[in-house]
Each structure stands twice: as C-alpha cells, then as structure tokens.
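# Analysis of the macromolecular model
So the chains spell out like this:
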Amino acid sequence: MSLYIGVMSGTSLDGLDIALIEQDHSPRLLATLYRPMPETLRSDLLALCAPGENELARAAIAEQRWVEIAAQGIDELLKQQNLTAQQIRAIGSHGQTVRHEPARGFTIQIGNPALLAELTGICVVADFRRRDVAAGGQGAPLVPAFHQSLFADGEHQVAVLNVGGFSNLSLLDPNGEVLGFDSGPGNVLLDAWIHHCQGLNYDRDGAWAATGTVHPSLLSRLLSDPFFATAGPKSTGRELFNLDWLLGHLQALPAIAGEDVQATLVELTARSITSALRTAQAHTDVLLVCGGGAHNTCLMQRLSALMQGADVRSTAAQGIDPDWVEAMAFAWLAHCALEGIPGNRPSVTGAAGLRILGAIYPA
C-alpha cells in the first residue's frame, strides 16, 4: 500500500485540485484540497495559450507561481492529515496546459516539476502527455485507463464523461476494451462567453443558460465545425475552440441575446457529446459524469434528455466526488510510472503502442 498525491489544473483555470490517494489493488481517495487560482496568475496563464511577446520568460515566471501554490496546498493537505512528506511515495503533477497541438507534434504543460520536488521534498512525476505524442498519439485523453480501473463493471456498456474546459469520453466495454477521445468543448466557451458579457468566470449551475433559448441557426453553424465530424482518436484545445471562434460565428448572424447564446453553447456541448457517444458506442447503459460540468444543472438535464435509455448520473453515485476524479487520475498515473505500468491506451490516443508516461524527479 502506497500514498500518492495528484495535482490537476485544467483548462478552466479556476484553481488547483489536490487529491491524496491510497494505492493498493485499486485507488482509494483519502483526502482533498482545493486552491483557487489567483486572478493575476489566471490571466497570465490564459494569455500564454495564444502567441505573444516574450513567451518563454512569461511562462517560466508563471509556472514558478503555479508551483508555489501547488506546494503550499500539498503542505496544507499533509498537515491536515498528520502526514509527513516522507510518507508520500510521489506526486503526480499534470501541470498547466498552455498549448496542445498534437497534429504538429507537440503539447506543452508548464509546472516546473524540479521546483515542486524541491519545495515539497517529495518525488514528482510530471510531463505525462509528451511521451504519447512522441509515439504518434494525441497525448489526450489520458484518463480512460484510470476510468476503466474505477468504473468498468463487466456487465454494462459504461461511458465516463469528464466535462472540464473540454469534454472527453471513456467508453468501457464489458469485455475489457476501452476507447476514448475528446468530443469538443465542455465549459470553455460557456466560461468565455459569460466572462465576455458579465465579467464572471463561470455560469454557476448553468443558471444564466437556463434563462435563454437555443438559437437554431447559431447551433447549426457551431456544429458544422469539421472537428465534430471526425472520429477518434482525437483531442482538442483552446487552439480551436475559443472566444474568437465563437465571435466569428456570431458576426455572421443578426444580434442574438446573450442568454440565448449561452443556452446554445450548453446545447452545443450536450449534442457534441451525445452524438459522438452514440456514434462510437451505439448502446450505452450508464453515462457517469465528472468534472465541473457535473454541477451544471442545465447541461445535465440536456444530457439526460438526449441520452434516453441510458442512466445519466454523476460519479458521486459511484461514491467518487466528480470534482476529484482527474486529480486522482494523475496520482494513479504517478503510481503507474514508478511501477513501470503503461498509462496510455493506443485505442484512445492513437499512439504506436503502450507507453510508460511521465518524467520522474526524485525528492
């Protein structure tokens, strides 16, 4: 039995999720801690997702600040649990994605794992995605193998949906096969639009979207993007789906009320997920939802309506809080790296084969 810590900071840039797990035959969540992202750092990280001046220095400074927050959170979590650094086998740190372009052969997550090892005194495993990309894969999603270890039941066609900034699906067949891919935007456009209109970072519970009406012409334009017509393996990021992409479509139409745009973006997320799921796994018995999108009541209602015949529910119904699944996954991937267990699935990412993921920075 070993203890691991996972640190996850997603494309929503809202904060750092830190999870402590016990790894024996299967992972078990022991404790969690959330550190909100300071607004100045959030703005700096978001700016790094697009070309700009002096990027290398800005990225180096931003990742130092990111690591300091992560290290402080880890120290606080250990104190809360009466644990020492020596009792933790490793930290699995996802880092912060600032570019993801596997078609051009690269993905970049910043997070200075060497500094994190120095500040915590704990072995750090990081840079999980680039080995898969080097092997010809998408580098994402990396969670399907973890989802399989947690949620496959051997009887039902199960799909696990993670809705963070982007949405990714894990398809778990009773025979042990696993597929997965990014289906498109999750919260990224919803967050960008409400920030553009109201200065808020997210639409709590989908409340603003619920006041609007889906605009058919806008929805049709958004769904016409070639990404949605491609089959997996596939992944995406802010390089494609961003505020400018949305504004470009809006400029081609008469003025639309802000809440109607938000309602249409919820429908875009729901339809792109369910269409991709129906295509890849024609019959789904159970759809388990995790990530921030699991709290969006409007989105969950649309998923349930579009997935008639399937049991759509949060992973909380399986005893795992939807907010902590991804952080747990990177703690588990650290375990896999240290044990020499491949962490990718070629059927998911399209890599040339199974690969051990992550670079190891000893304490």
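These notes cover the structure that comes with them. (Residues numbered from 1 in each chain as written. Predicted model: local features only at pLDDT ≥ 70, side-chain atom pairs only at ≥ 80, totals over all residues. Heavy atoms only, no water.)

### Let's talk about the pattern of salt bridges
Under the criterion given, the structure shown has 11 salt bridges. We note a salt bridge from Lys-79 to Asp-75, for which the minimum N-O separation is 3.2 Å. Within this pair, Lys-79 and its partner Asp-75 are both found in helix H2 (residues 55-80), separated by four residues, close to a single helical turn. A salt bridge links Arg-313 to Asp-311, with the nearest nitrogen and oxygen atoms 2.1 Å apart. One salt-bridge network, held together by shared partners, links Glu-267, Arg-271 and Arg-302. (Salt bridge = Lys/Arg side-chain N within 4 Å of Asp/Glu carboxyl O. Helix = DSSP H or I, 4+ residues; strand = E, 2+ residues; numbered from the N terminus.)

### Regarding the sheet that holds strand E11 (residues 311-314)
In spatial order, the strands read E9-E8-E7-E10-E11; together these five strands make up an open sheet with mixed pairing. Edge positions in the sheet fall to strand E9 (178-185) and E11, since each has one partner strand and no second. Mean inter-strand twist for the sheet, computed between neighbouring axes without regard to direction, equals 20°. Direction of pairing for strand E8 (residues 166-172) relative to E9: antiparallel, over a ladder of seven bridges. (Pairing = 2+ DSSP bridges. Axes fitted to C-alpha atoms, helices over the stretch in contact; angles between N-to-C directions.)

### Focus on helix H9 (residues 243-250)
If you check which residues of H9 are buried, you get Trp-245, Leu-246, His-249 and Leu-250. Along H9, the residues classed as buried sweep out an arc of 135° about the axis, all on the same side. In the core, the buried residues of H9 are packed alongside helix H6 (188-198), helix H8 (216-223) and helix H10 (258-280). At the N-terminal boundary of H9, the capping side chain belongs to Asn-242, with an oxygen 3.1 Å from the backbone nitrogen of Asp-244. (Buried < 20%, exposed > 50% of the residue type's maximum accessible area, 1.4 Å probe, protein only. Arc of directions from axis to C-beta. Contact = heavy atoms within 4.5 Å. Polar contact = N/O pair within 3.5 Å; in protein donor to acceptor, adjacent residues only side chain to side chain.)

### Brief notes about the packing of H6 against H9
In contact at an axis separation of 9 Å, H6 and H9 are set at 70° when each is read in the N-to-C sense. Regarding the angle of H6 to H9, the classification is roughly perpendicular. Across from Leu-189, Ala-192, Trp-193 and His-196 in H6, the residues of H9 making contact are Leu-243, Trp-245, Leu-246, Leu-247 and Leu-250. Considered class by class, the residues forming the contact of H6 with H9 number eight nonpolar, one polar and no charged. (Parallel < 35°, antiparallel > 145°, perpendicular 65-115°, else oblique. Nonpolar A, V, L, I, M, F, W, Y, C, P; charged D, E, K, R; others polar.)

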